[in-house]
Amino acid sequence: MSKDIRIKKGLDLKLVGEAEAKVDAVSRSQVYSIKPSDFHKVTPKLVLKEGAEVKAGEVIFYSKNDEAVKFVSPVSGKINEIKRGEKRVILEINILADAQDTFVEHGKKNPKELSADEVKSHLLASGCWPFIKQRPYDVVATSTDSPKAIFISAYSSAPLSADVEVALKDKLISFQAGVDVLAKLTQGKVHLSVNGKTNSIFSFVSGVELHKVFGPHPSGNVGVQISKIDPINAGERVWVVAPQDVAIIGDLFLTGKFDATKVIALTGSEVSKPQYYTIRIGAQIKEIVSGKLASDNVRIVSGDVFTGDKVSVGGNLGYYANTVTVIPEGNQYRMFGWMPFAGANKHSMQRTALSWLMPGKKYVADTNLNGEERALVVTGEMEKVMPLDIYPMQLLKACLANDIDKMESLGIYEVAPEDFALIDYTNTSKLEAQVIIREALDLMINEVG
Amino acid sequence: MKFLRDKIDQIKKPFGKGEKLEKFAPAVNALDTFLYVPNHTTKHGAHIRDAVDLKRTMITVVLALLPALIFGTWNAGYQSLIQIQETVPFMDALIHGAWKVIPMIAVSYGVGLGIEFYFAIVRGHEVNEGYLVTGLLIPMIMPIDLPLWMLALSVIFAVIIGKEAFGGTGMNILNPALTARAFAFFAYPTYMSGDKIWVSDASTTDAISGETILGKLAAGQEAGYDMWSMFAGTIPGSISETSVLWILVGAAILVITGVGSWRIIVSGFLGAAVMAFLFSIWGANPLMDFGMLHLLVGGLAFGIVFMATDPVSAAQTNRGKWIYGFLIGFFSILIRVFNPAYPEGVMLAILLLNVFAPTIDHYVVEGNINRRKKRVAKQLKTA
């Protein structure tokens, strides 16, 4: 049975530099990298040392708090550097890649013939487990939990983000296999949401409850979909998996290998020809963008403009990234830029800018803050981009005050930082809503668990 | 333009991080950011940001205030001159009014911004733009002949006790501009009420009388003006409160740009209309008989459009805004009619509802919380 999800609140920001639906390969990176910081709240315990040879899919470290959760190398090669920061925190594990991958062989398996526990231990051992994330808290799922449902959003509504339908068009069999695997992990349902406006290639996926999603961003956010389908209550756990990661899980069972190949979109106004590329997880940004940028003074984002991480050209793609967005840095002064209606090329959700008279216009958005951080004054603007049944400003204030009871009663379990990305974008006071929510969720993990 | 930018950067150097004058940086930054939107880029969270900032929002309110301010300035001169001469040329009235109004604005901004800068430096935060609006509002709601030192004291009270004591911009419970007026009203009642103060020079020149319509009605007299005068605003009163016409122009600017809450404005007028209608049925005295004309006189329109919509002291939830606005309108007329000593009910009504706004929001948000609790209860029952 299909249940449509319709939301009205939100914003479809139109930006220049959408990727053309064409997939090419990029040359293999020399160095691949795994950043433990991509796995929020995971403290890594290294299994291999610097200089060790690794195969693709071989365990490099595991989680100190949940030792069954293993993290593996996306390629085969040699660990040539383990970068550490303050207090010897591991920042990056760099792997000098072989010319050709040799894989750890797990053997083909049919999930339908395995028990739930066997499926689970196979996912854990093979390093596929970190693809499964848990709500509430937006962290890697705990291996001993059993979720009430699993959600897959095959619709990314964020501006310039990779279209899942393009990225997975040749991988439907793997995707279906991945869905069959996930179905083993829950007593509840596996929910799959797709863009309601197109004829989705995922319509024929079996073993899922299919939902068509309509409405502006953040309708593609899995958190929004969860709240419309089956909201999370205190004490409950649901799991979410990104569609490309579902396919990687599927491939593990079909081929017996951890194949870290993904299709990412290289997008943004500063990319000369935005399109899709086949890469491996942790690939070097340099290899992806070299020769493809239109200017120098740019911000490279591993992810989309709302939720991604800033990376340098010398850096590497984040573990979960499906998009690399390149936009101009906004480190310029603008004389009298604060005047109402100044700057016709700047988008604003407010009607104090010309952009509300030009709804179809596509913008080149830069990274300028367009003002300075101020006290919270304006009310009502956050609600316009918050489709969840939540009072965003009240929740943010409770978070700032570390008021756990209030956070709980105002719905902290139902949100992830990405649900507040549009509030980051739109709020007049330049409040860092995603950071506040992340810190609040961390507090909840420590205090409530 | 690069020359100017370089020059500013050079001037700002001693105020930079780790330099000698670092703690005065907020003051310099406040001036610099008026010339230029700074080159700050995003560090955390979303990499791109909306073009709006608090400066733009506040300047929009200032723009919305200008029509009422300019008319009020002219009217201040006109009300005085028309009583002693046959015709009043436009410029004469404007200059006469400006002669009084501009020093008031200068004092209000000078004193208020001085305090704001001081607190910004002491607390080490940037100067918030809120006072740009407050500082203009304060003279606009005062009688024209208010001595400047009283104005200055009211500003000091409003900014320090009304705002900074609560933690500064965004934290205050009461609308700062109305706090200033309430201070003056209770501290210097002879300068803030009565029949001598609403027209420039009325207290010093016998030929000029200066009573407001509400004052006359409360004393049992006729209003003495036609409806058009009340709407256009060619009547005595606080500097910018008289012209419903130009206040509505400001309201249109606020509503179209989305800066002011249309919910509060609409529900405010609605609440006032309901109360006025109920009183007109009762009809026990001239104030009650005044009926819908209540909407055109006194500070009601100005209060609802420019003071009730102050987002910090108003209700913050959308449903709360409806209730808050309605009650302000409702109580304004109630206070007007039942307490002739306070013909200006809107000031007290807004301050009263400022205090109750968090309570209103509390019950609105409670609805959301209960929905969540019910869901958990249902879950437990089925499990």
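All residue numbers refer to position in the chain's written sequence, counted from 1. All chains are assigned letters beginning at A, and all ligands numbers beginning at 1, according to the order in which they are written. Only residues with pLDDT of at least 70 get local features here, since the model is predicted, and only at 80 or more are side-chain atom pairs given and counted; chain-wide, interface and lining totals rely on the full set of residues.

As recorded by an unreviewed UniProt entry, chain B carries the name Na(+)-translocating NADH-quinone reductase subunit B and is attributed to Flavobacterium lacus. One UniProt comment on chain B, placed under Cofactor (unreviewed entry), says "FMN". Per its UniProt entry, chain B bears the Sequence similarities (unreviewed entry) comment "Belongs to the NqrB/RnfD family." UniProt positions are given in the numbering used here, feature names are shortened, and annotations may be inferred rather than shown by experiment.

Looking at an unreviewed UniProt entry, one finds chain A named Na(+)-translocating NADH-quinone reductase subunit A, with Flavobacterium lacus as its source organism. We quote the UniProt Catalytic activity (unreviewed entry) comment for chain A here in full: "a ubiquinone + n Na(+)(in) + NADH + H(+) = a ubiquinol + n Na(+)(out) + NAD(+)". Here is the UniProt Function (unreviewed entry) comment for chain A, exactly as written: "NQR complex catalyzes the reduction of ubiquinone-1 to ubiquinol by two successive reactions, coupled with the transport of Na(+) ions from the cytoplasm to the periplasm. NqrA to NqrE are probably involved in the second step, the conversion of ubisemiquinone to ubiquinol."

*Asks:* Give me the lowdown on the UniProt feature "transmembrane region" (unreviewed entry) in chain B, citing residues and values where you can.
*Replies:* Residue and element names in this part refer to chain B. Under the present numbering, the feature "transmembrane region" (unreviewed entry) in UniProt falls on residues 58–77, 97–119, 131–161, 235–257, 264–284, 290–309, 321–339 and 345–365. The straight-line gap between the two end C-alpha atoms of residues 235–257 is 30 Å; of that span, 61% is helix and 0% is strand. Secondary structure elements are taken from DSSP: a helix is a run of H or I of four residues or more, a strand is a run of E of two residues or more, and numbering for both begins at the N terminus. The straight-line gap between the two end C-alpha atoms of residues 321–339 is 26 Å; of that span, 95% is helix and 0% is strand.

*Asks:* Please give an account of the domain arrangement of chain A that cites residues and values.
*Replies:* A common measure of how large an interface is: the accessible area buried when the components associate. Residue and element names in this part refer to chain A. An automatic or database domain assignment is the source of the domain bounds shown. By the assigned domains, chain A splits into domain 1 (5–12 + 111–255), domain 2 (31–97) and domain 3 (369–447). Put simply, the middle of domain 1 and the middle of domain 3, counted by C-alpha atoms, are 25 Å apart. Taken together, the contact between domain 1 and domain 3 spans 16 residues of the former and 18 residues of the latter. Taken together, the residues of the side of domain 1 that touches domain 3 break down into nine nonpolar, four polar and three charged. This entry defines residue contacts through backbone-placed C-beta atoms, with two residues in contact when those atoms are within 7 Å. For this classification, the nonpolar set comprises Ala, Val, Leu, Ile, Met, Phe, Trp, Tyr, Cys and Pro, the charged set comprises Asp, Glu, Lys and Arg, and every other residue, Gly included, is treated as polar.

*Asks:* Hey, could you go over the sheet that holds strand β14 (residues 209–214) of chain A for me, with residue numbers and the actual values?
*Replies:* Residues and elements named next belong to chain A. The criterion for strand pairing is that DSSP finds at least two bridges linking the strands in question. Read across the sheet, seven strands follow the order β1-β14-β13-β12-β15-β10-β11 without closing on themselves; strand pairing throughout is mixed. The sheet is open, and its two edges are formed by β1 (5–6) and β11 (139–140), each paired on a single side. Pairing geometry for β1 and β14, over two bridges, is parallel. Bridging across to β14, I5 finds its partner in V213.

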